[in-house]
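In case you want the letters, here they are:
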Amino acid sequence: MNNNSFLLSAKGICIAAFLSFNTMYAQKTAEIPTISEKTLSSILEKNRTYYTQGKVADYIPELGKMDAKAIAFSVVEKNGRVLNVGDVHKKFTMQSISKIVALMIAVKENGEAGVFDKMGYFGTDQPFNHFSNLETTGKPLNPMMNAGAILTTSLISGEGEKPFLKILDMVRYITGNQTIEYNTSVYQSEKSTGHRNRGMFYLMKNNGLISGNEDQLDNYFKQCSIELTAEDLAKIGYFFANDCIRFDGDDRYKNAEMSRLILSQMLIAGMYEFSGEYARTVGLPSKSGVGGGITVSVPGKMGIGVFSPALDKHGNSAAGYHMILDLARQYDLSLF
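Residues numbered from 1 in each chain as written. Predicted model: local features only at pLDDT ≥ 70, side-chain atom pairs only at ≥ 80, totals over all residues. Heavy atoms only, no water.

Caption draft 1: Representation of the overall build of the chain. A count of helices and strands for the chain gives 12 helices and 9 strands. Taking 20 Å as the expected radius of gyration for a compact globule of 336 residues, we find that the chain reaches 21 Å, a close match to that expectation. Counting only C-alpha atoms and orienting by the principal axes, one finds that the chain spans roughly 75 × 45 × 40 Å. Looking at the chain residue by residue over its 336 residues, the buried ones come to 54%. When contacts within the chain are restricted to residue pairs at least 6 apart in sequence, long-range pairs at least 24 apart make up 69% of them. Surface summary for the chain: the accessible area is close to 14600 Å², and the carbon and sulfur share equals 52%. Separation between the mean location of the 34 positive side-chain charges and that of the 34 negative ones in the chain comes to 3 Å. (Helix = DSSP H or I, 4+ residues; strand = E, 2+ residues; numbered from the N terminus. Rg over C-alpha atoms; globule rule 2.2 N^0.38 Å. Buried < 20%, exposed > 50% of the residue type's maximum accessible area, 1.4 Å probe, protein only. Contact = heavy atoms within 4.5 Å. Areas by Shrake-Rupley, 256 points an atom, 1.4 Å probe, with all protein chains shown as cover. Lys, Arg positive; Asp, Glu negative; His and termini not counted. Charge placed at Lys NZ, Arg CZ, Asp CG, Glu CD.)

Caption draft 2: Representation of helix α3 (residues 98-116). Relative to the 27 Å expected for 19 residues at 1.5 Å per residue, α3 spans just 18 Å between its end C-alpha atoms, considerably shorter than the ideal helical length. Maximum bend of α3: about 110°, positioned at Asn-110. Buried within α3 we find Ser-98, Lys-99, Ile-100, Val-101, Ala-102, Leu-103, Met-104, Ile-105, Ala-106, Val-107, Val-115 and Phe-116. (Expected span 1.5 Å × (residues − 1). Bend = angle between axes of the 7 residues up to and from the residue.)

Caption draft 3: Spatial organisation of the nonpolar core. Counting residues in hydrophobic clusters, the biggest one holds 58 residues, and the most contacted among them are Met-204 and Phe-240. Contributions of two or more residues to this core are made by α3, α4 (146-154), α5 (162-175), α7 (195-206), α8 (215-224), α9 (230-241) and α10 (256-269). At 10 residues, α3 tops the list of elements feeding residues into this core. When sequence neighbours within four positions are dropped, the list of residues in contact with Met-204 reads Leu-134, Pro-140, Ala-147, Ile-150, Leu-151, Leu-209 and Ile-210. In terms of nonpolar packing, the next biggest core, distinct from the first, is built from 30 residues, Ile-35, Leu-40, Val-296 and Ala-319 among them. (Core = buried A, V, L, I, M, F, W, Y, C linked by side-chain atoms within 4.5 Å.)

Caption draft 4: A look at the packing of α5 against α9. Two elements in contact, α5 and α9, have axes whose closest approach is 8 Å; the angle formed by their N-to-C orientations is 90°. Compared by their axis directions, α5 and α9 come out roughly perpendicular. Each of Tyr-173, Ile-174 and Thr-175 in α5 lies in contact with α9, whose residues at this interface are Asp-232, Lys-235, Ile-236 and Phe-239. Of the residues contributing to the contact of α5 with α9, the split by class is 4 nonpolar, 1 polar and 2 charged. (Axes fitted to C-alpha atoms, helices over the stretch in contact; angles between N-to-C directions. Parallel < 35°, antiparallel > 145°, perpendicular 65-115°, else oblique. Nonpolar A, V, L, I, M, F, W, Y, C, P; charged D, E, K, R; others polar.)

Caption draft 5: Local environment of the confidence of the model for the chain. Looking at the chain as a whole, its pLDDT mean stands at 91, while 91% of the residues score no less than 70. Across residues 13-27, where pLDDT falls below 50, the model places 0 contacts with residues more than four positions away in sequence or in other chains. (pLDDT = per-residue confidence, 0-100.)

Caption draft 6: Representation of unusual backbone geometry in the model. The phi dihedral of Cys-244 is positive, around 65°, even though this residue is not glycine. Counting through the fold element by element, Cys-244 comes out in the loop between α9 and α10. Assessed through its relative accessible area of 0%, Cys-244 is described here as buried. Phi is positive for Asp-332, which is not a glycine, with a value near 50°.

Caption draft 7: Inspection of the sheet that holds strand β7 (residues 293-298) at higher detail. With antiparallel pairing, the 5 strands of this open sheet are ordered in space as β3-β2-β8-β7-β6. Lying at the two open borders of the sheet, with one neighbouring strand each, are β3 (82-86) and β6 (286-288). Neighbour-to-neighbour, the strand axes of this sheet turn through a mean angle of 10°, independent of strand direction. Across 6 bridges, β7 lies against strand β8 (residues 302-307) in antiparallel orientation. (Pairing = 2+ DSSP bridges.)

Caption draft 8: Quick look at the pattern of salt bridges. For the structure on display, the rule yields 16 salt bridges. Of the charged contacts, one joins Arg-198 and Glu-214 as a salt bridge, the two residues approaching to 3.2 Å between their closest N and O atoms. Taken together, the residues span a long stretch of sequence, with Arg-198 in helix α7 and Glu-214 in the loop between α7 and α8 at a distance of 16 residues. With relative accessibility at 23%, the residue Glu-214 sits in the partly exposed group. A salt bridge links Asp-250 to Arg-246; the shortest N-O distance between them is 3.6 Å. For the pair Asp-250 and Arg-246, a shared accessibility class is recorded, and that class is buried. Put simply, Arg-246, Asp-248, Asp-250 and Arg-252 are held in one network by salt bridges that share partners. (Salt bridge = Lys/Arg side-chain N within 4 Å of Asp/Glu carboxyl O.)

Below you can see the structure in the form of structure tokens.
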């Protein structure tokens, strides 16, 4: 092959690769076709029976009272349009989903370095309540596991329950739902049985990461007990998917960097030790809670909220995961 032929061939390959990349990028950035309630209902009904493969969390006694058959599916589209199917008025507690809101507030007050100097950005192959490397490096792996989340809440300024009230107010703002409260029965149940979390709190206090008293741990128990619906979760997912702009266009907290931080943590650790496999199958930043909810962010596009309290072995909603998976596949929502 002469030099001219070689250059023409190489140029052709480069052009083909460029066009292929542009085509793939265009597909991923293209507008998602309008989703109908009929589609959501169909996906919900297809996956309803997955609750039989899970178990309602009962290590917190009040959570064990949840109806395993309850199920809800919500989507907030780019234009703020809300779609709901299933038991959409059924309330449940946020549990670990509250961690992403607490992280936002802690970073706003302390800066990213002020938070992550005390913990890592790491994923994990361990359950949400694992001590991980607290006894070795002395620092939590990430703010999505319980240890890191307890530390995150302790970094929010204010005496007594003021840090919790900041989290509650932010949840109310993001969802546009001022009626949201915390469930006092669940809070008392978590507080009376939360000895493992208490152990993490005092280990971090011993390591010099926490300087306050158990009021800070109570704030964590309270934030986990905030009660909302699948629609509220979809609005939270939308908020972080769209640079911290609310579903109705309110942009007072607009912050692209904050959004990237929260979404990255959701992607690598939001589903605990299942996060890697979840990234492969669903491919979207998500955060689960043992109350049966999962919030999902489709960056720049939409928020998704699901609820079904029967959990799989990883502590994630069994039916909720499969609903998200089907929606992501049907509309090619994965980031990858």
